[in-house]
Amino acid sequence: VNDEVGAVDLAMDPTNPRILYASFWRVKRTPYSLESGGPGSGLWKSVDGGNTWTELTGNEGMPEGTLGISAITVSPTNNQNLYAIIEAEEGGVFRSRNGGKSWEKVNEERKLRQRAWYYSRIYADPADEEGVYVVNVRFHHSRDGGKSFTAIPTPHGDNHDLWVDPTNPQRMIESNDGGANVSTDGGKNWTAQNTQPTVQFYRVSTDNDFPYRLLGGQQDNSAVRIRSQSAQEDAIGIRDWEPTAGGESGHISAKPDNPDIVVGGSYGGYLEMIDHSTGATRFLDVWPDNPMGYGAGDLRYRFQWNYPLSFSIHDPDVLYAAAQVVFRSDDLGQSWEAISPDLTRDDKSRMGKSGGPITKDDTGVEYYGTVFVLTESPADSKVLWAGSDDGRIHVTRDGGDSWSDVTPPRLPEWAMVNSIDVDPFNEGGAFVAATRYKMDDFRPMLYHTTDWGKSWRSISAGLPADHFTRVLRADPAQPGLLYAGTERGLYHSRNNGDSWSPLQLNLPIVPVTDLKVKGDDLIAATQGRGYWILDDLGVLREQARDGAPEGPQLYAPELAYRLVAGGRDDDPKNAGTNPYPGVSLFYYVPEGMEDSDAIELSVYRGDEDRAIWTWTAEDEDAKGDAAKTAVLDTSAGLHRHVWDLTYPGMERFEGLILWSDMKDGPTAVPGTYRAEMRVGDTTLSQSFDIVADPRSPASAEEYAAQFDFVSSARDLLSRTHREIKAIRQLRGELEATRERIEAADASDATVEALVADIEAIDDAITAVEEALYQTKNQSRQDPLNYPIRLNNKLTSLMRKVAADDRGPTTQAWEVKEMLSTAIESELASLSSVWDERLPALNEAIRDAGIVMISIDRGN
């Protein structure tokens, strides 16, 4: 139609695919405006598959004057019956009964056409030409040709699309700002939306709790705070997140010294504080004058969609916020002081009412000429950097008394400064990410200064030309290591932006809107896939420092926390993935060294020589003194091997069934450990620390006592199970020997005496076995019918003591002593069998010329 108009809807006649209807829309969005409607907007029809088109806009019954967005649908049961919803001063729902030649307005209710540019979708019922659906804030249905509509409840508001099964109109899929829903009964019931990991997060912040939380506003959903690791479960589930302060769009910040105090913002200057310990809520709007419906130029303060808001890094009682000026509060929002002049272009010609010539749409989203990012220096509380959405950067070095305009000369006009990160290794350094996608300019725009903005260096070279940038973060622990979030994924640089490489890994190809480095984690906020965390930045930091390895490499493990609970499910359903529990051992195998026999990985406690575990590529049950839990990957490349901090568990025998079993051994106590990687004749070593869960009240003495308790119980159980295996082997040998004796050429008296000895020994070992283990167990819940025996009682006790960090209770020690004494007594009674009765029997068997009994007790 023209260079400002594009097609926005297309309907095909179900009875003739050459008949097409299209709606065209003039829409213009810039960094400073949104306009819906104008010349060229309207409806068109083709009867030859799109070769030629006829405009319907001026036909009889169509609204006069300026048109905006429109949508059209064809009734499958009568292809002459059309419905359209049209944005116009006298707009509404229109109906044609003759294929678009003439029209009648059948409904002008505003509930069907409010915020027209954002909605405006209409759908004919496939079975009833009098039936029609309209989606808007709510989902509407008409049974009388659009004259009246009733609302159909949906799981979420802001409805945008609909599919109705042409063969069964009771089946439909409806989508909204919360996700997609399926109904099989015409909208009476819908499927849930909490199975769809499609959250759009604008920003991410973290608190100082343990495990730390991620905080952010979800597009068209509540602001949330979410544990980075579940304290209870194997996945990050619903019990690990909760609504928090703020709205769908704003920055959220937790008080540095009290993570239960959270402030959150949203559009309209909304600012809320929640004390999660009490549930108390307080509104702290910097200027609580509701701006809804007014243009930016009408306002005293212009707070945009997600205006900056944060607690001070240096003083947990100080808050910062920004409109077109920067505000500071020293009393948690009771009062605010402007500490800057207007830091934008302040171009009033760009601050008119939003929406266009027909329907105004001033929600606070299209407010421009605002400070878009505000960053406090971690090194100096008086240093603040501010970036605006109209391409200005300022810095103050005296707490706001004076500000300097340090905008890079090459930063294009109307570039939105989306992030500023202070350079952790240069006093006057900062990194900037900006974007002009609203000007159809998709170039990445990254800049770096080391002299307080007097000069800037572009560091975008090497990024794809159409991957526009929203965020740039510097690694606080490794000079030169940078992370950039773009519209199409994540990149990193190891040389301060001279070159870039993808850091996508398993992160979906999705817009990355914000990044945060928290300790050894990199957190990404995405538009469409929620939050993602990359653990163990130590490998990247080491490679950035030392370069890519040429030979085999064992990387220094990160600090490992001994946690009370919370494992890992690698495929959690409707939940987030926990980080690996324990310590991740990263190692590199170069090309040409994939020799599984020559590669081993071991962990040791302190300077001890005996390995806790040794892993190899061999599929075996043991390697030296340490049993193997997982096969080591020895293929070429970088690998992660996880030790969950447990020691080997008790030895077991085939068919063992226990009520309240425990397969792991004791958990490593806090302290220093080391990992060793052996590749042929080369040994690489790295020490690492295991630290206590900061939430745990356990003392070092209690950790040690628990370790000793569980270790000694495990060792006694291993002895017990080896003896049971030996008993069972002996029983088989006794039966085979009995058959040989009865078949031997010996006197009746000799046979009778030997058989009697065999039966007596069998009775003795059976009595011991049945005292140690419930031999009647054949299925998992058999112990409910057949009482558990000594080994099961000790295993259960061991498991209870191992369940927490605290040392064993007094009564636990007492019961362990009781059970251990009873087990030792039973094992001692076997000594006469092994040391006296079996040798005597063997001597008699040998004298009778029969093969002797040989038993491997495994001790």
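This text gives an overview of the structure that appears in the document. Keep in mind it's a predicted model, so treat the numbers as computed, not measured. (Residues numbered from 1 in each chain as written. Predicted model: local features only at pLDDT ≥ 70, side-chain atom pairs only at ≥ 80, totals over all residues. Heavy atoms only, no water.)

### Some details on the overall build of the chain
Thought 1: Counting its regular elements, the chain contains five helices and 55 strands.
Thought 2: For 859 residues, the compact-globule estimate of 2.2 N^0.38 gives 29 Å, and the chain exceeds it by more than 25% at 37 Å.
Thought 3: In terms of overall dimensions, the chain has C-alpha extents of about 125 × 70 × 60 Å along its principal axes.
Thought 4: Relative to its 859 residues, the chain shows a buried fraction of 53%.
Thought 5: Here the contacts in the chain between residues at least 6 apart in sequence split such that 53% fall between residues at least 24 apart. (Helix = DSSP H or I, 4+ residues; strand = E, 2+ residues; numbered from the N terminus. Rg over C-alpha atoms; globule rule 2.2 N^0.38 Å. Buried < 20%, exposed > 50% of the residue type's maximum accessible area, 1.4 Å probe, protein only. Contact = heavy atoms within 4.5 Å.)

### Describing the packing of aromatic side chains
Thought 1: Tallying each qualifying case throughout the model produces 26 aromatic pairs.
Thought 2: For the pair Trp 117 and Tyr 118, a centre-to-centre distance of 5.4 Å together with 55 degrees between the ring planes defines the contact as tilted.
Thought 3: According to the relative accessible area criterion, Trp 117 is buried, its value standing at 17%.
Thought 4: Residue class for Tyr 118 comes out partly exposed when judged on its relative accessible area of 22%.
Thought 5: Judged by centre distance (5.1 Å) and plane angle (85 degrees), the ring pair of Phe 653 and Tyr 773 falls under edge-to-face. Here Phe 653, found in the loop between β53 (637-643) and β54 (671-679), pairs with Tyr 773, found in the loop between α3 (748-772) and α4 (790-802); they are 120 residues apart in sequence, far enough to count as distant. Here Phe 653 matches Tyr 773 in class, with each residue buried.
Thought 6: In this structure, Arg 345 is placed above the aromatic ring of Trp 414, and the distance from its NZ or CZ to the ring centre is 5.5 Å.
Thought 7: Here the basic side chain of Arg 605 rests over the ring of Phe 707, its NZ or CZ set 5.5 Å away from the ring centre. (Phe/Tyr/Trp six-rings, centres within 6.5 Å; stacked < 30°, edge-to-face > 60°. Lys NZ or Arg CZ within 6 Å of the ring centre and 35° of its normal.)

### Things to note about the environment of Val 164
Thought 1: Relative to the helices and strands, Val 164 resides in strand β14 (residues 159-164).
Thought 2: Considering only alpha carbons, one finds Val 164 and Tyr 133, 31 residues apart in sequence, at a separation of 9.8 Å.

### Overview of the sheet that holds strand β46 (residues 560-562)
Thought 1: Strand order in the open sheet made by the five strands is β46-β55-β54-β49-β50, with mixed pairing throughout. Only two strands of the sheet have a single partner each, and these edge strands are β46 and β50 (613-616). Each neighbouring strand pair of the sheet contributes to a mean axis angle of 25 degrees, computed without reference to strand direction. (Pairing = 2+ DSSP bridges. Axes fitted to C-alpha atoms, helices over the stretch in contact; angles between N-to-C directions.)

### So, α4
Thought 1: Here α4 contains 13 residues, and its C-alpha end-to-end distance of 18 Å stays within 8% of the 18 Å for a straight helix at 1.5 Å per residue.
Thought 2: Within α4, the full set of buried residues consists of Leu 790, Asn 791, Asn 792, Leu 794, Thr 795, Ser 796, Leu 797, Met 798 and Val 801.
Thought 3: Residues of α4 that are buried sit in contact with α2 (700-743), α3 and α5 (810-847). (Expected span 1.5 Å × (residues − 1).)

### Regarding the pairing of strand β2 (residues 20-30)
In regular strands, side chains alternate between the two faces of the sheet.
Thought 1: When you tally the buried positions in β2, you get eight out of eleven residues, the bulk of the element.
Thought 2: Note that strand β1 (residues 5-12) and β2 share seven bridges and pair antiparallel. Bridging across to β2, Gly 6 finds its partner in Trp 25.
Thought 3: Inspection of the sheet shows β2 paired to strand β4 (residues 42-46) by five bridges, in the antiparallel sense. Residue Phe 24 lies in a different strand from β4, and its bridge partner there is Gly 42.
Thought 4: Pairing geometry for β2 and strand β3 (residues 33-36), over four bridges, is antiparallel.

### Brief notes about a nonpolar patch on the surface
Thought 1: A contiguous nonpolar surface patch, about 250 Å² in accessible area, is contributed by Trp 163, Ile 173 and Val 182.
Thought 2: When you line up the elements, Ile 173 lands in strand β15 (residues 172-176). (Patch = residues over 30% accessible without salt bridge, like charges linked within 9 Å, V, L, I, M, F, W, Y side chains within 5 Å. Areas by Shrake-Rupley, 256 points an atom, 1.4 Å probe, with all protein chains shown as cover. Salt bridge = Lys/Arg side-chain N within 4 Å of Asp/Glu carboxyl O.)

### Some remarks on the pattern of salt bridges
Thought 1: Under the counting rule described, the total for this entry stands at 54 salt bridges.
Thought 2: A salt bridge links Arg 95 to Glu 130, with the shortest nitrogen-to-oxygen separation between them at 2.7 Å. Of this pair, Arg 95 sits in strand β8 (residues 92-96) while Glu 130 sits in the loop between β10 (121-124) and β11 (132-135), placing them 35 residues apart in sequence.
Thought 3: Arg 95 gets classed as buried once you look at its relative accessible area, which sits at 4%.
Thought 4: Here Glu 130 falls in the partly exposed class, since its relative accessible area comes to 24%.
Thought 5: Several salt bridges converge on common partners, so that one network encompasses Glu 4, Arg 26, Lys 28 and Glu 35.

### What to know about the packing of α3 against α5
Thought 1: Two numbers describe how α3 lies on α5: the axes approach to 10 Å, and their chain directions differ by 160 degrees. Our classification of the angle between α3 and α5 gives roughly antiparallel. Crossing handedness for the pair α3 and α5: left-handed. Together, Leu 754, Asp 757, Ile 758, Ala 760, Ile 761, Ala 764, Ile 765, Ala 767, Val 768, Ala 771 and Leu 772 of α3 and Ile 823, Glu 826, Leu 827, Ser 829, Leu 830, Val 833, Arg 837, Leu 838, Leu 841, Ala 844 and Ile 845 of α5 make up the contact between the two elements.
Thought 2: A breakdown of the residues in the contact of α3 with α5 according to their chemical character gives 18 nonpolar, one polar and three charged. (Parallel < 35°, antiparallel > 145°, perpendicular 65-115°, else oblique. Left-handed = near helix turned anticlockwise from the far one by under 90°. Nonpolar A, V, L, I, M, F, W, Y, C, P; charged D, E, K, R; others polar.)

### Digging into the nonpolar core
Thought 1: Of all hydrophobic cores here, the largest spans 44 residues; its most connected members are Leu 730, Leu 734, Ile 765, Leu 794, Leu 841 and Ile 853.
Thought 2: Of all the secondary structure elements, the ones that give two or more residues to this core are α2, α3, α4 and α5.
Thought 3: Looking at this core, the element that brings in the most residues is α2, giving eleven residues.
Thought 4: Setting aside chain neighbours within four positions, we find Leu 841 in contact with Leu 734, Leu 754, Asp 757, Ile 758, Ile 761 and Ile 853.
Thought 5: By size, the runner-up hydrophobic cluster in this structure holds 27 residues, among which are Val 583, Ile 599, Ile 612 and Tyr 647. (Core = buried A, V, L, I, M, F, W, Y, C linked by side-chain atoms within 4.5 Å.)

### Examining the packing of α2 against α4
Thought 1: Viewed as axis vectors pointing N to C, α2 and α4 meet at an angle of 155 degrees, and their least axial separation amounts to 10 Å. Considering their axes alone, α2 and α4 lie roughly antiparallel with respect to each other. For the element pair α2 and α4, the recorded crossing hand is left-handed. Residues Gln 706, Phe 709, Val 710, Ala 713, Arg 714, Leu 716, Leu 717, Thr 720 and His 721 of α2 lie in contact with α4, whose contacting residues are Asn 791, Leu 794, Thr 795, Leu 797, Met 798, Val 801 and Ala 802.
Thought 2: Here the residues of the contact of α2 with α4 are counted per class, giving ten nonpolar, five polar and one charged.

### Quick word on the sheet that holds β14
Thought 1: Ordered in space as β14-β15-β16, the three strands form an open sheet in which the pairing is antiparallel. Unpaired on one side and paired on the other, β14 and β16 (179-183) mark the two borders of the sheet. Across this sheet, the average inter-strand angle for adjacent strands is 15 degrees, counted without regard to direction.
Thought 2: As paired strands, β14 and β15 are joined by five bridges and run antiparallel to one another. Bridge pairing links Val 164 to Met 172 in β15.

### Comments concerning the environment of Leu 507
Thought 1: Its place among the elements puts Leu 507 in the loop between β41 (501-502) and β42 (512-518).
Thought 2: A relative accessible area of 9% places Leu 507 in the buried class.
Thought 3: Taking the C-alpha atoms as reference points, Leu 507 and Arg 529, separated by 22 residues in sequence, lie 9.1 Å from one another.
Thought 4: Setting aside its immediate chain neighbours within four residues, Leu 507 contacts Leu 490, Val 512, Thr 526 and Trp 532.

### Some thoughts on the side chain of Ser 820
Thought 1: If you trace the backbone, Ser 820 turns up in helix α5.
Thought 2: Judged by relative accessible area, which is 13%, Ser 820 ranks as buried.
Thought 3: A distance of 2.7 Å separates a polar side-chain atom of Ser 820 from the backbone oxygen of Lys 816. (Polar contact = N/O pair within 3.5 Å; in protein donor to acceptor, adjacent residues only side chain to side chain.)

### Description of the environment of Leu 481
Thought 1: Along the chain, Leu 481 falls in the loop between β38 (469-474) and β39 (482-486).
Thought 2: Residues Leu 481 and Arg 494, 13 residues apart in the sequence, show an inter-C-alpha distance of 4.4 Å.
Thought 3: With residues up to four places along the chain from it excluded, the contact list for Leu 481 reads Arg 473, Ala 474, Asp 475, His 492, Ser 493, Arg 494, Leu 540, Arg 541 and Ala 544.

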